[in-house]
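Close look at the chain arrangement
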Amino acid sequence: MRPTAFKLTAAILILVGIVQTAKAQDPINVVTTAVPFLRISPDARAGGMADLGLAISPDANASFWNLAKVPYNTNKGGLSLSYTPWLKDILNDVYLASAAGYYKFDDQQAISGSLRYFSLGNIQFTDNLGNDLNTFRPREFGIDVGYSRKLSEKSGIGVGLKYIYSNLAQGPAAGNNYKAASAVAGDIAYYYDGHNDVGQGWAFGAVMSNLGSKISYTDNADQKDYIPANLGLGTTYTRVFNSANSLTFGVDVNKLMVPTPPADPATQAQLTEYRSKGVMSSWFSSFADAPGGFSEEMKEFQISIGAEYWYNNQFALRTGYFHEDKTKGNRRYFTMGVGIKYQSFGLDFSYLLPSGSGVDRNPLSNTLRFSLHFNFDGSGETSTGN
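First things first, this report covers the structure right here in the doc.

Analysis parameters
- Residues numbered from 1 in each chain as written.
- Predicted model: local features only at pLDDT ≥ 70, side-chain atom pairs only at ≥ 80, totals over all residues.
- Heavy atoms only, no water.
- Helix = DSSP H or I, 4+ residues; strand = E, 2+ residues; numbered from the N terminus.
- Buried < 20%, exposed > 50% of the residue type's maximum accessible area, 1.4 Å probe, protein only.
- Contact = heavy atoms within 4.5 Å.
- Areas by Shrake-Rupley, 256 points an atom, 1.4 Å probe, with all protein chains shown as cover.
- Core = buried A, V, L, I, M, F, W, Y, C linked by side-chain atoms within 4.5 Å.
- Salt bridge = Lys/Arg side-chain N within 4 Å of Asp/Glu carboxyl O.
- Pairing = 2+ DSSP bridges.
- Phe/Tyr/Trp six-rings, centres within 6.5 Å; stacked < 30°, edge-to-face > 60°.

A separate point is the overall build of the protein. Across its full length, the protein carries six helices and 18 strands. A buried classification covers 52% of the 386 residues belonging to the protein. Considering only contacts in the protein between residues 6 or more positions apart, those separated by 24 or more positions represent 63%. Counting only carbon and sulfur atoms, one obtains 62% of the accessible surface of the protein, whose full area is about 16,900 Å².

Printed below as a string of C-alpha cells:
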C-alpha cells in the first residue's frame, strides 16, 4: 500500500495555508512545525483584524490569545463557538471549529478553557499502480485549561496547560509506520490594562504559547518535530469619542520560538544538529540561529495591524492587514469583519480578501469565519469589545 507521502505532505501544507509561492530568485527558508493549526486564528473577531488578539479588549475567546485578559471581562462568565470553512475555494470538507469559555470566581481570578478541532478532509489511499484502496480523514485537536489572576487593577497574569492530538496518517509509508501523535504544552501570559474609567487608553499583552514537547508520528526517535512555540507582543489604543462611538487600533508582533532550518543545500550534519536540539534550548536559540544572520532573523517576525470601531456597543466594524516576509511563507492579506451584539448574545463575521492570482493566489483567499457568543449574566462584556 502506498498512501503517497507527497500527497499527504502537500495537503498538510496547502490546507493550513502556511506556505505561499515566492519568486524563484528569492532564497526561501520557511520555519516549519508540526500541528500548525495551533497558530490559525480561531475566532471571527480577531480574524476580522488580521489576527490581532493579544491586547484587544477581553471576551470569551481571550484564552486563545492571552489568558491574562480573562479576569478583566466584566461578566461572570462567557462562551463562544466559532466555525471556519477552511480553503473553501479549493476543498469543501476542511474546517476549523472551536469553542472557548471562562468563569470568574471573583473580580480577581478566573478559569478558562478552549477546544480547537481541525478536520483536513478525506485523503485517498492508493496502491503502487495508483488504484484506489481506502480513504482516511486526517484530524487534529487541542484542548486547554487556564488559570488567570489580577496582580493589580492594571495588570494580570495567566498560565495554561494544553493537550495536543494529531492524526494525519496511519500505516506504512516511505519506510515508516505512521501513527497518531500527541504532545503536552503550556502558555504563560501577561496583560496590562491602561484604560481609564470611560475605556480610553493603552493596553499591552505579552504571551509565550505552545511551550511543550516535540511530537512524533513514527517510532523513529530521529523524526520528532517541533510544535509551534511562539512569542507574541501586542498593544492597542482605544479612543472613546462619546458614549456611543469608540475606535481601537493596534499591532501584534509574533515570532515562532522554533529553530530555523539550515539553508539548502544542507549537509547531513546540519540536518542532524537541527533535529537534535533540545526543546528548551531551541526556544532561546531560535532568536539567533538563522543562517543569514540578523537580517534573516528579523524576517521571521509576523505583523498584524488592525482596527475596530464600535457604535453604541452594539455594532462593530473591523479591518486589518497581516504581513509575513516572502522568504518565510509570504502570507500577506487584508481582512474585514463585522460584529453585532444584543443584550447577552452576539455574532461576529470576518472575511479574508482574495490576494494574488494563479499560482501566486493566497490559499487563504475567501476564508470566512463566524462566531457566536453569549454572556452568563446577560450584560455587555466591555464598552469596546465583544
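So, next bit.
Val35, Phe37, Phe118, Ile164, Ile215 and Tyr217 are the most contacted members of the largest nonpolar core, which totals 18 residues. Within the residue set of this core, elements represented by two or more residues are strand S2 (94–104), strand S3 (109–120) and strand S10 (181–193). Here this core gets three residues from one element, more than from any other, and that element is S10. When near neighbours in sequence (up to four residues on either side) are disregarded, Ile215 contacts Ala34, Val35, Ser166, Ala181, Ser182, Ala183, Gln223, Lys224, Asp225 and Ile227. Among the nonpolar cores identified, the runner-up in size contains nine residues, and Leu54, Ala55, Ala189 and Tyr191 belong to it.

Below, the discussion takes up the pattern of salt bridges. Scanning the model with the defined rule gives 15 salt bridges in all. A salt bridge links Arg318 to Glu308; the nearest nitrogen and oxygen atoms lie 2.6 Å apart. Of this pair, Arg318 sits in strand S15 (residues 315–323) while Glu308 sits in strand S14 (residues 302–311); the two residues are 10 residues apart in sequence, bridging distant segments of the chain. By relative accessible area, which is 4% here, Arg318 ends up buried. By relative accessible area, Glu308 is classed as buried at 2%. Among the charged side chains, a network of salt bridges with common partners joins Arg45, Asp59, Glu308, Arg318 and Asp348.

In this section: the pairing of S14. The alternating pattern of S14 places Gln302, Ser304, Gly306, Glu308 and Trp310 on a buried face, while none of Ile303, Ile305, Ala307, Tyr309 and Tyr311, on the opposite face, is buried. As paired elements, strand S13 (residues 245–256) and S14 share 10 bridges and run antiparallel to each other. Residue pairing across strands places Asn245 opposite Tyr311, the latter belonging to S14. Both S14 and S15 contribute to a ladder of nine bridges, which runs antiparallel. Residue Tyr311 lies in a different strand from S15, and its bridge partner there is Phe315. Between S14 and S15, which follow one another and run antiparallel, lie three residues, and Asn312 among them has a positive phi close to 60°.

On inspection of all chains with the given rule, the structure shows 18 aromatic pairs. Ring centres of Phe141 and Tyr165 lie 5.1 Å apart, and the angle between their planes is 25°; this geometry places the pair in the stacked category. Note that Phe141 is positioned in strand S6 (residues 139–150) and Tyr165 in strand S7 (residues 155–167), a separation of 24 residues in sequence. By the ring-pair criterion, three or more aromatic residues cluster together here, those being Tyr83, Tyr95, Tyr117, Phe349 and Phe370.

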